[in-house]
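A look at the structure
Listed below, chain by chain, are the residues.
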Amino acid sequence: MAQLTGAEIFVEALKREGVKTIFALPGGVVLKIFDVLHQQKDIEVILTRHEQAAGHMAEGYAKATGKPGVALITSGPGMTNVVTALADAYMDSVPMVCFSGQVPTALIGNDAFQEADNIGLSRPCTKYNFLVKDVNDLAQTIKEAFYIASTGRPGPVLVDIPKDISMEKAEFKYPDSVSIRGYNPTYEGSKWKIKQAADAIMKARRPVIYIGGGVQLSGASAEVRELAEMTQIPVNQTLMALGAFPGQHPLSLGMLGMHGTYVANMAIHYSDLVVAIGARFDDRVTGKVSEFCPSAKIIHIDIDPTSIRKNIHVDVPIVGDCKCVLQELNNVLRATVNGDQKELRKPWWDQLTEWKTAHPLSYRQEPDQLIKPQYLIDRIYQLTKDRDPVVSTDVGQHQMWAAQYFHLTKPNTWLTSGGLGTMGFGFPAALGAQAAYRDRLVLCIAGDGSVQMNTQELATAVIEKLPVKVFIINNRFHGMVRQWQDLFYEGRYACSYLDQSPDFVKLAEAYGAAGLRVQKVSEVDDGIREAMAIDKPVFIDVPVYQFENCYPMIPAGGCNHEMILEDPPELQKRQGATGKAESKDTILTA
Amino acid sequence: MEHIISVTLENKSGALSRVAGLFSGRGFNIESLSVAPTLDPSVSMMTVVTNGDERIIEQILKQLNKIIDVIKVVDLNESDAVSRESALIKVHARSEDRAEALRIADIFRANVIDSSPTSYTIEVTGDVQKIHAIIQLLQPLGIKEIVRTGRIAIAREPVRTVATQSRPLAKAN
């Protein structure tokens, strides 16, 4: 059999895994691999301008397609730069395989040029990592890496390839299957526990379904919908689950947690049964753990046993894949549900409707004053919803407003950094999704603070013809930081004011992308339409009212039913005294 | 509460640091940890002594199981187990103390494995209380140096009452 170099084995293995696109940035020790990639056409190599962005693009690709995203970077600084993306993918369970170059085997440990302990650096932020020490192990290792990344609770896997391994030759044999004795994820839930769950659901009077990112990852949207519709139980979504259940569905209560809707938080607090599906009771959802839904029994379905009873006590734990477990649960319920569920749930729904109407999400947009961020996002949503867009966000106020006002209807259309809260995630993630779906509309809702953490990728966007539309909600602040300072630090804006941002229009144009600026309420719709019509990457800079705060808000460590719904009186007074309450802005960028 | 956890894991580089990293990264306690290969050279056996309430121990067991290099995790507190620890104690033993040092070693069935004109090195094996006790008794003589293995533990084989009836004969075909 023909002998292939390690680099050729790498490329062949990726082809066998069905990889179409990789996000990469070269360096000394990975040149052999790049050289082989350069001479083939099956795998598209997208050159990024920073390794962190390569990682986020791989994440965006993975989140949008459900297939593992692939990044290839070099040793040393290449590796340290990608650590943020790995940590982000690990927190949000994103299937991703990252290949890092390493100095030649003989030099490992010698403090060689551009050497870093890639295995040590990535250990706490990957699901698993490999150092390939023998070219004969390379194909098997790559197979295992993809298997681990995409099965069980997905996550990032790092494969560290020393330079000599990419040059040495070996016979190429790609294994058909993998068996790892320490790794056997459970997919089927215990039938006995599922029966207990069904009984609890039938007995509950104020039940709530609480879905998380696991529903997206296991593709269980249809099953969640069947469960909810069959039993008429309301559905709360975490930030990671948006789109996995239609946002405008009559049974949807919207997002819960720190900036969730009033009804979602009240519902879970006063519920008598929580059906948690692929969610992990994150502190941004539970608030004060000791007072989290005090009268509820909790059913928890999750493929990762460590998620169960990590933060809160669970009465019916079911370890398994959301889709498999829900199929079984729905089967049991279908045979048990009798009578009119709508009628049965009426008292609960009356209460929910009361909460829903008492404090719906709202904002006030005066036509002659500065644009409100919520208004802008609402308009983007209204004008693009028919095109089934993929929406990415950065991290901060704009992310929460996007979560509140952009009602996604399909899974895998929402790309956001939930667990790690990585500013700079949105733009490269959008590019990754666009690389996967060239013909789809991909939007990025960013903040002026966040977007500046990865603007260099404008070059990638232009050269690779990735026409993402980036809306910059420009409030000249790290808005969420400013909000916390207004609420909890008496309005002292320590390092939250961004007084020297670039002109985003000129910045985009400098890279060969398009730039637009929308300044008036009356221009918003036309601006959005104009941006959509441009067949290029576009930065749309939208200066907005600077002091808008994101509500409802549960202060960190607060209780879910004790939400702040508007600026507290002392803040209103303080802002009134300094003229901030008026929607006037003296420090416009343009 | 103290728990002794027995962890079967892949005997390869990095596996130990995954376990150690889990404990430090998640703020779990390690009181002692000892690890060595088993009869199967591809597998190591690790004994971890840790403490925490029920919830923390449940997390530790689950998190250990989640590590891909970990093959099996057993909480030895759930069954009856025997545990042992060894220590090497180098104690001052000038002429007037030499007899006393030997007497103490004898009481604890410890062995003297090295001797110099001014010191003895004593090897002792036992449960934690025994190690503590000998250290306490040797301290007045002056301990120069001490090295301990950390605990290792193994589950007791369940003692079944032996059935007296003879085994049924194999069915004749």
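Everything numeric in this text was worked out from a predicted model, so none of it was measured. (Residues numbered from 1 in each chain as written. Chains lettered and ligands numbered in written order. Predicted model: local features only at pLDDT ≥ 70, side-chain atom pairs only at ≥ 80, totals over all residues. Heavy atoms only, no water.)

With that settled, consider the overall build of chain B. Within chain B, the regular secondary structure consists of four helices and nine strands. For chain B, the sequential pattern of α-helices and β-strands runs β-α-β-β-α-β-β-α-β-β-α-β-β. For 173 residues, the compact-globule estimate of 2.2 N^0.38 gives 16 Å, and the C-alpha radius of gyration of chain B, at 21 Å, exceeds that figure by more than 25%. Considering only C-alpha atoms, chain B reaches an extent of 75 × 50 × 35 Å along its principal axes. Taken over 173 residues, chain B has a buried fraction of 39%. When contacts within chain B are restricted to residue pairs at least 6 apart in sequence, long-range pairs at least 24 apart make up 72% of them. (Helix = DSSP H or I, 4+ residues; strand = E, 2+ residues; numbered from the N terminus. Rg over C-alpha atoms; globule rule 2.2 N^0.38 Å. Buried < 20%, exposed > 50% of the residue type's maximum accessible area, 1.4 Å probe, protein only. Contact = heavy atoms within 4.5 Å.)

To continue, consider the overall build of chain A. Secondary structure assignment for chain A yields 24 helices and 20 strands. The globule rule puts the C-alpha radius of gyration for 590 residues at 25 Å, and the 25 Å found for chain A is close to it. Dimensions along the principal axes, computed over C-alpha positions, put chain A at roughly 70 × 65 × 40 Å. Within chain A, the proportion of its 590 residues that are buried is 61%. Here the analysis covers contacts within chain A between residues at least 6 apart in sequence; of these, 77% occur between residues at least 24 apart.

The next thing to look at is the packing of aromatic side chains. How two aromatic rings sit relative to each other is set out by the distance from centre to centre and by the angle between their planes. Residues and elements named next belong to chain A. Counted by the stated rule, this structure contains 20 aromatic pairs over all chains. Measuring from centroid to centroid gives 4.7 Å for Phe10 and Phe99, while their planes differ by 85°, and the two rings are edge-to-face. Remark: Phe99 occurs in strand E5 (residues 96-102) and Phe10 occurs in helix H1 (residues 6-16); sequence separation between them is 89 residues. Like Phe10, the residue Phe99 is buried in the burial classification. Considering the side-chain rings of Phe281 and Phe292, the 5.8 Å spacing of their centres and the 85° angle between planes classify their relative orientation as edge-to-face. Here Phe292 lies in the loop between helix H12 (283-286) and strand E13 (297-302) and Phe281 lies in the loop between strand E12 (273-277) and H12, a separation of eleven residues in the sequence. Overall, the relative accessible area of 1% leaves Phe281 in the buried class. Assessed through its relative accessible area of 7%, Phe292 is described here as buried. A connected cluster of aromatic rings, assembled from ring pairs, spans Phe477, Tyr493, Tyr497, Tyr545 and Phe547. (Phe/Tyr/Trp six-rings, centres within 6.5 Å; stacked < 30°, edge-to-face > 60°.)

We now examine the interface of chain A and chain B. Taken residue by residue, the interface counts 17 residues in chain A and 21 residues in chain B. Between chain A and chain B the total buried area reaches about 1600 Å² when both faces are included, carbon and sulfur atoms providing 45% of it. When the buried area of chain A at its contact with chain B is split by residue, Tyr128, Arg181 and Thr306 of chain A rank highest and sum to 40% of it. Linking chain A with chain B are three salt bridges. Note that Glu10 of chain B is salt-bridged to Arg181 of chain A, the shortest N-O span being 2.7 Å. For the interface between chain A and chain B, the tally reads twelve residue pairs in polar contact (both at pLDDT 80 or more). (Buried area = accessible area lost by both parts, 1.4 Å probe. Salt bridge = Lys/Arg side-chain N within 4 Å of Asp/Glu carboxyl O. Polar contact = N/O pair within 3.5 Å; in protein donor to acceptor, adjacent residues only side chain to side chain.)

Taken as a whole and assessed by the stated rule, the structure comprises zero disulfides over all chains. In this structure Cys322 of chain A is not part of a disulfide, and its nearest cysteine sulfur, from Cys324 of chain A, lies 9.4 Å away. (Disulfide = S-S within 2.5 Å.)

Residue and element names in this part refer to chain A. Scanning the model with the defined rule gives 36 salt bridges over all chains in all. Lys15 is the partner of Glu12 in a salt bridge, and the nearest nitrogen-oxygen pair spans 3.4 Å. One end of the pair, Glu12, and the other, Lys15, are both in helix H1, three residues apart, so they sit about a helical turn from each other. Residue classification places Lys15 among the partly exposed positions, given a relative accessible area of 28%. Measuring nitrogen to oxygen at the nearest pair gives 2.8 Å for the salt bridge that ties Asp525 to Arg379.

All names here are of chain A. Of all eight residues that make up helix H11 (residues 262-269), eight are buried, and the element is covered over most of its length. When H11 is considered as a whole, its buried residues turn out to be Tyr262, Val263, Ala264, Asn265, Met266, Ala267, Ile268 and His269. Buried positions along H11 lie against strand E9 (207-211), strand E10 (235-237), strand E11 (252-255), E12 and helix H15 (346-358).

Here we take up the pairing of strand E6 (residues 111-116) of chain B. Bridge count for E6 of chain B against strand E7 (residues 119-126) of chain B is five bridges, and the pairing is antiparallel. Looking at the pairing, Val112 of chain B lines up with Ile122 of chain B of E7 of chain B. (Pairing = 2+ DSSP bridges.)

A few words now on the sheet that holds strand E3 (residues 44-47) of chain A. Residue and element names in this part refer to chain A. On the basis of which strands lie adjacent, the open sheet formed by six strands has the order E3-E2-E4-E5-E7-E6 and parallel pairing. With partners counted over all chains shown, the strands left at the sheet margins are E3 and strand E6 (128-131), one partner each. Geometrically, the sheet is characterised by an average inter-axis angle of 20° between neighbouring strands, direction not taken into account. (Axes fitted to C-alpha atoms, helices over the stretch in contact; angles between N-to-C directions.)

A surface patch of nonpolar side chains, about 250 Å² in accessible area, is lined by Leu88, Ile113 and Val147 of chain B. Relative accessible area serves as the criterion here: at 48%, Ile113 of chain B is assigned to the partly exposed category. (Patch = residues over 30% accessible without salt bridge, like charges linked within 9 Å, V, L, I, M, F, W, Y side chains within 5 Å. Areas by Shrake-Rupley, 256 points an atom, 1.4 Å probe, with all protein chains shown as cover.)

Let us look at the packing of H1 of chain A against helix H6 (residues 138-150) of chain A. All names here are of chain A. Running from amino to carboxyl end, H1 crosses H6 at an angle of 35°, the nearest separation of the two axes being 9 Å. The two elements H1 and H6 meet at a crossing, and its hand is right-handed. Residues Gly6, Ile9, Phe10, Ala13 and Leu14 of H1 touch H6, and the partners they reach there are Leu138, Ala139, Ile142 and Phe146. When the residues that make up the contact of H1 with H6 are grouped by side-chain class, the tally is eight nonpolar, one polar and no charged. (Left-handed = near helix turned anticlockwise from the far one by under 90°. Nonpolar A, V, L, I, M, F, W, Y, C, P; charged D, E, K, R; others polar.)

In this section: unusual backbone geometry. Residue and element names in this part refer to chain A. Following Tyr551, the chain continues to Pro552 via a peptide bond in cis, the omega torsion being 0°. Along the polypeptide, Pro552 turns up in the loop between strand E20 (538-543) and helix H24 (569-577). One non-glycine residue, Cys293, adopts positive backbone phi at about 25°. Summarising the element assignment, Cys293 is placed in the loop between H12 and E13. The class for Cys293 is buried, based on a relative accessible area of 4%. The phi angle at Arg476 is positive, at roughly 55°, despite the residue not being glycine. Take Arg476: it is sitting in the loop between strand E18 (469-474) and helix H21 (479-488).

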